[in-house]
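Report on the structure
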Amino acid sequence: LHLVDATSADPIGDFDMLNREILRYGNGKLARMPQIVVVNKVDAWEEGKGEEWEQGLKARMGKEELEDKLRSTMTHSRLMWMSAKEGEGVDDLMARMAMFVRKVKNASDEN
């Protein structure tokens, strides 16, 4: 599971850096596993949302541009969107994670 901050100065660079680090450890098996990429803080694209202290948090690129750039760098991943603060997409993420864990557990039981 990778959380990408929609308000990061370079969300694509953050994602790429994380994957480079994963490749550096162990035998590379972890890097070849399916990933779930979750873009958080999607509420940053909504006008008038947020507390006063959040006013400086702005998405540096639009949702469509971020999606296109992430999909071009993702290899075997599922892309999801959420706002942890607003609770949007959290239930979908929990359901997806439960399914993913069952799948990995079943695969390891077979080996």
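Residue positions within a chain follow its written sequence, with the count starting from 1. Local features in this predicted model are restricted to residues whose pLDDT is 70 or higher, and side-chain atom pairs enter the listing and the counts only when it is 80 or higher, whereas totals over whole chains, interfaces and linings include all residues. Here the side-chain values reflect all heavy atoms present in the structure, with hydrogen atoms and water set aside.

**So, the layout of surface pockets**
Convention followed: The distinction between a cavity and a pocket rests on a 1 Å grid over the protein atoms alone: a 1.4 Å probe fits inside a cavity but cannot get out, while a pocket stays open yet meets protein on both sides within 12 Å along at least five of seven lines, and a residue with an atom within 4 Å of a point counts as lining. Grid points are joined across faces, edges and corners, and a volume is the space filled by probe spheres set on the points. Helix and strand labels come from DSSP, where a helix needs a run of H or I of at least four residues and a strand needs a run of E of at least two; each type is numbered from the N terminus.
Approximately 200 Å³ is the volume attributed to the second largest pocket. Considering the residues around the second largest pocket, the lining is formed by M33, P34, Q35, I36, H76, S77, R78, R96, M99, F100, K103 and V104. Elements supplying a minimum of two residues to the lining of the second largest pocket: β2 (35–40), β3 (77–81) and α4 (90–110). With five residues, α4 is the single largest residue contributor to the lining of the second largest pocket.

**Considering the nonpolar core**
For soluble globular proteins, nonpolar side chains are generally found buried alongside one another. Put simply, the rule is: The definition of a nonpolar core used throughout is a set of buried Ala, Val, Leu, Ile, Met, Phe, Trp, Tyr and Cys residues joined through side-chain atoms within 4.5 Å. Each residue gets one of three labels from its accessible area relative to the maximum for its type: buried under 20%, exposed over 50%, partly exposed in between, using a 1.4 Å probe on protein chains only. The contact criterion used is simple: two residues touch if any of their non-hydrogen atoms lie within 4.5 Å.
In this structure, V39, L66, L70 and L79 are the most contacted members of the largest nonpolar core, which totals 13 residues. Elements with a minimum of two residues in this core: α1 (11–24), β2, α3 (63–73) and β3. If we skip the residues at most four places from it in the chain, L66 touches P11, I12, V39, W45, M61 and W81. V38, M80, M82 and L93 belong to the second-largest nonpolar core, a separate cluster that totals five residues.

**Details of α1**
The following threshold applies: Expected span, for any helix, means 1.5 Å times one less than how many residues it has. Throughout, the arc means that of the directions going from the helix axis to the C-beta atoms.
In this model, α1 (14 residues) spans 20 Å end to end at C-alpha, consistent with the 20 Å of a helix rising 1.5 Å per residue. All buried positions along α1 are accounted for by P11, I12, F15, N19 and I22. Take α1 and look down its axis: the buried residues cluster within an arc of 110°, on one side only. Looking one or two places after α1, you find G26, whose phi comes out positive at around 65°.

**Digging into the confidence of the model for the protein**
Put simply, the rule is: Per residue, pLDDT captures the predictor's confidence, and it can take any value from 0 to 100.
Averaged over the protein, the pLDDT score is 83; the fraction of residues at 70 or greater is 87%. When pLDDT is averaged over each element of the protein, strand β1 (residues 2–5) comes out on top at 91 and helix α2 (residues 29–32) at the bottom at 80.

**Notes on the sheet that holds β3**
Selection rule: At least two bridges found by DSSP between two strands are what make those strands a pair. Helix axes are fitted only over the stretch in contact, all axes being lines through C-alpha atoms; the angle between N-to-C directions runs from 0 to 180 degrees.
Strand order in the open sheet formed by three strands is β1-β2-β3, and the pairing between neighbours is parallel. Sheet topology places β1 and β3 at the edges, where each strand pairs with a single neighbour. Averaged over all neighbouring strand pairs, the angle between strand axes comes to 25°, with direction disregarded. Sheet topology note: the β1/β2 ladder contains four bridges and is parallel. Bridged to H2 within β2 is V37.

**A word on the pattern of salt bridges**
Heads up, the condition is: A side-chain nitrogen of Lys or Arg and a carboxyl oxygen of Asp or Glu constitute a salt bridge if their distance falls within 4 Å.
Counted according to the given criterion, the structure contains six salt bridges. The closest approach of N and O atoms between K41 and D5, which form a salt bridge, is 3.2 Å. Of the two residues, K41 sits in the loop between β2 and α3 while D5 sits in strand β1, which places them 36 residues apart along the sequence. Among the residues examined, D5 registers a relative accessible area of 27% and is labelled partly exposed. Put simply, E21 and R24 hold a salt bridge, and the shortest N to O gap is 3.2 Å. Taken as a pair, E21 and R24 lie in helix α1 at a separation of three residues, close to a single helical turn.

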